[in-house]
Amino acid sequence: MEKTFYITTPIYYVNASPHIGHAYTTIVADVLARYHRLQGYRTFFLTGTDEHGDKIAEAARKAGESPKAWADRVSAQFRDLWPKLSISNDGFIRTTDPDHVRTVQYILRKVHEAGDIYFSDYEGLYCVGCERFYMEKELVDGKCPQHLTVPEVRKESNYFFRMGKYQDWLIRHIQDHPDFIRPERYRNEALAFLREPLEDLCISRPKSRLTWGISLPFDDNYVTYVWFDALINYVTGIGYPDDEKFRTFWPAAQHLIAKDILKPHGIYWPTMLKAAGIEPYRNLNVHGYWNVDQSKMSKSLGNVVRPLELKDKYGLDPFRYFLLRDMVFGLDSSFSEEAFVQRINSDLANDLGNLESRVRTMAVKFCQGSVPEPERTAADRTLPEAAQKALAEMEAAFAELAMHKALAAIWEFINTVNRYIVTSEPWSLAKNPADKGRLMTVLYDLLEALRVIAVMISPFMPGTAGKILERIGVAEPAAQTFETIRSWGGLAPGSPFKRGDALFPRVEFKSEEKAAEQKDKKMEPLKPEISYEDFEKVDFRVARILSAEPVPKSSKLVKLRIDIGEERTIVAGIAKDYKPEDLPGKSIVVVANLKPTKLMGVESRGMLLATDAVEGLTLIGFDKPPKTGAKVR
Ligand SMILES: [Zn+2]
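Residues numbered from 1 in each chain as written. Predicted model: local features only at pLDDT ≥ 70, side-chain atom pairs only at ≥ 80, totals over all residues. Heavy atoms only, no water.

Novice: Sorry if this is basic, but what is going on with the overall build of the protein chain here?
Specialist: Helix and strand counts for the protein chain come out as 20 helices and 25 strands. For the protein chain, whose C-alpha radius of gyration is 35 Å, the value lies well above the compact-globule estimate of 26 Å for 633 residues. Oriented by its inertia axes, the alpha-carbon framework of the protein chain measures out at about 105 × 90 × 40 Å. Counting all 633 residues of the protein chain, 50% fall into the buried class. Within the protein chain, residue pairs in contact and separated by at least 24 positions form 74% of the contacts whose partners lie at least 6 positions apart. Summed over its atoms, the accessible surface of the protein chain is roughly 31,000 Å², and 50% of this surface lies on carbon and sulfur atoms. In the protein chain, the 86 positive side-chain charges and the 87 negative ones have mean positions that sit 4 Å from each other. (Helix = DSSP H or I, 4+ residues; strand = E, 2+ residues; numbered from the N terminus. Rg over C-alpha atoms; globule rule 2.2 N^0.38 Å. Buried < 20%, exposed > 50% of the residue type's maximum accessible area, 1.4 Å probe, protein only. Contact = heavy atoms within 4.5 Å. Areas by Shrake-Rupley, 256 points an atom, 1.4 Å probe, with all protein chains shown as cover. Lys, Arg positive; Asp, Glu negative; His and termini not counted. Charge placed at Lys NZ, Arg CZ, Asp CG, Glu CD.)

Below you can see the structure in the form of structure tokens.
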């Protein structure tokens, strides 16, 4: 039977632009999709955007746009981002797509006709931010636990889905299918919700207060509640009810979500499916949050970490590697640029990058430009055995969504290969013609190890995998699947090598202090150019300070009596840096033809020149005593 795999991300709500959380979920889905394709599964990978509801209507109104124009714009941001992250989705669904609208109405009609949707009055506490009514006991100090605002009392006639009817069925289903919701902590969380009586779900909004949604097929005065609409995307996206794709992929459906939307996916969605006569999905896979450490960031230093921008700074494959390597699936993790750079330097530049460059350098030097023929006698089993061990560990890790463990297993193999270079000493073998056969075997095995590594890393770092395969002479990199690395020796002797730069250049992490220091060193932007004639208009003169006194009620200003060949008064903002009694006798530079101005009631006829010192201000001075009143040229 054909193996199939269907992976979905949540459809992202278009009230915000893409951020690290969206990127992580989508990259994980991509890694899973690529992995299953390479394992020979017929795969479908769906993502998209969720576009209805009063939050979108509200955001559009504030922006002076129509909800559709708003949704088009933000949806495009997501659609445009995914190719930049090497996301290999097969479908991109929007809840405003006509086929989705049809499917939602089809399911609503079906559930309504089956008697699981009824009309009723409801009065309750409603949070606008959450778009839902709250039960008293769910509130914290009378406030919405998400928004910390007091919900308003609302009375409405609405349509309700008999969700409560399916409570016992759902509990049994979760108990009978231990990995229905995983990891286990979220399965337990869902079961905890279900220990309380499950209320019916209000699934409509009157058009009197919201028109931006899908009309109920049995009552045109209402639109569909945004969650009831959105969840259905997972079956619309593969052509429910009639498409062959639906029959092929639905039995293998895997949803991937962040933990904040466990309830709609773990409770609403399976009961909706049950009521619509559709089998439940296979697995709900729930991950934690990336905490971006705000305390180490400061806006004034201009070093706020926008994780998505770091992919441009350090490269896409390192970015994907870091996200998958540093988060244990299901738990929260913190994102730091420093940790990211450490991973690049140690795992990528040092372990993998150096291995690739050492092997290729030796191969080019000793093998005349192409993959050598190995001597099959007395073959050393170190690398073939380590490769199979890594592959088995990687597959076990993927089965439990422990992608960080899969990477650790690959890296253990990389380190084994690095050690093998040291113990097999190809450079010594090369000195003795009698060892030629042995040398060719060692080099063949090292190149074959690179092929195995490339296939294993390709779900995570498809670009890097392709580069490695090309460089070691693999003619069709795209044809390299997991099947091709189950036995040793798939690399064809005689294939020509290709040249290439370092896979991962080392990078330097600048701490925020360093970054600030460097920012200081940067020259301030220059003012627009002026002509010499313009410069000539300014009359700089040497002045001697005759006397100085503070300007009353000012902490900054000092009144100076100066001599520039004639006596005059100027006012200068140097009181914080110079005491009046220290000033008389000093020679300074002043702009003598500046239009007089009044400062704190004192007329100033000229301006002295000063600049930033290491601390505070310093007056522009001279290294020989100047002539008072002289022109400065
Ligand atoms: Zn709320």
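Still more to cover.
Novice: Mind showing me how you'd approach empty space enclosed by the protein here?
Specialist: Rolled over the atoms, a probe as big as a water molecule pinpoints where empty space is left. One pass over the structure, following the stated rule, counts one cavity of 30 Å³ or more. For the lining of the largest cavity, a count of residues per class yields three nonpolar, two polar and three charged. (1 Å grid on protein atoms, 1.4 Å probe; cavity = no way out; pocket = protein on both sides within 12 Å on 5 of 7 lines; lining within 4 Å. Points joined across faces, edges and corners; volume = space filled by probe spheres on them. Nonpolar A, V, L, I, M, F, W, Y, C, P; charged D, E, K, R; others polar.)

Novice: Whenever I open this one, the nonpolar core confuses me. Can you help?
Specialist: Note that soluble globular proteins tend to have their nonpolar side chains buried in a common cluster. Counting residues in each nonpolar core, the largest one holds 168 residues, and the members touching the most others are Trp250 and Phe460. If you tally residues by element for this core, the top one is helix H17 (residues 436-457), at 15 residues. When neighbours within four sequence positions are excluded, Trp250 is seen to be in contact with Tyr6, Tyr234, Val235, Ile238, Lys245, His255, Trp269, Leu273, Ile278, Glu279, Pro280 and Tyr281. Core analysis: the next-biggest nonpolar cluster, separate from the first, contains 17 residues, Val558, Tyr578, Leu583 and Ala592 among them. (Core = buried A, V, L, I, M, F, W, Y, C linked by side-chain atoms within 4.5 Å.)

Novice: Just checking my understanding: could you explain the packing of helix H11 (residues 307-314) against helix H13 (residues 337-366) for this structure?
Specialist: The geometry of a pair of packed helices is captured by two quantities: the angle between their axes and the separation between those axes. Look at H11 against H13: their axes get within 12 Å of each other, and the N-to-C directions meet at 30°. Classified by the angle their axes make, H11 and H13 are roughly parallel. Once H11 is placed against H13, the crossing between them reads as right-handed. Every residue of H13 that contacts H11 at Leu310, Lys313 and Tyr314 is listed here: Glu337, Phe340, Val341 and Ile344. Classifying every residue of the contact of H11 with H13 by side-chain character gives five nonpolar, no polar and two charged. (Axes fitted to C-alpha atoms, helices over the stretch in contact; angles between N-to-C directions. Parallel < 35°, antiparallel > 145°, perpendicular 65-115°, else oblique. Left-handed = near helix turned anticlockwise from the far one by under 90°.)

Novice: What exactly am I supposed to notice about the sheet that holds strand S20 (residues 587-591) here?
Specialist: Each strand in a sheet pairs with another by means of backbone hydrogen bonds, the pair being arranged parallel or else antiparallel. If you walk across this open sheet you meet the five strands as S19-S18-S17-S20-S23, and the pairing is antiparallel. Taken across any chain shown, the strands that pair with only one partner, and hence form the sheet edges, are strand S19 (567-572) and strand S23 (607-608). The pairing of S20 with S23 spans two bridges and is antiparallel. Among the inter-strand pairings, Val590 is bridged to a residue of S23, identified as Leu608. (Pairing = 2+ DSSP bridges.)

Novice: Even after reading the chapter, I still don't get the pattern of salt bridges, so can you show me in this structure?
Specialist: Any two side chains of opposite charge can pair if their charged atoms end up close together. Tallying each qualifying case throughout the model produces 35 salt bridges. With a shortest N-O distance of 3.4 Å, Asp90 and Arg37 are connected by a salt bridge. Of this pair, Asp90 sits in the loop between helix H3 (67-84) and strand S4 (91-94) while Arg37 sits in helix H1 (residues 20-38), and the two are 53 residues apart along the sequence. Residue Asp90 is classed as partly exposed on the basis of its relative accessible area of 40%. As a salt-bridge pair, Arg73 and Glu65 come within 2.8 Å of each other at their nearest N and O atoms. (Salt bridge = Lys/Arg side-chain N within 4 Å of Asp/Glu carboxyl O.)

Novice: Please clarify how the packing of H1 against helix H12 (residues 316-326) should be interpreted in this entry.
Specialist: Where H1 contacts H12, the two axes come as close as 10 Å, and the packing angle between them is 90°. Taken as axis vectors, H1 and H12 run roughly perpendicular relative to one another. Contacts between H1 and H12 pair Ile20, Tyr24, Ile27, Val28, Asp30, Val31 and Arg34 from the former with Phe319, Arg320, Leu323 and Leu324 from the latter.

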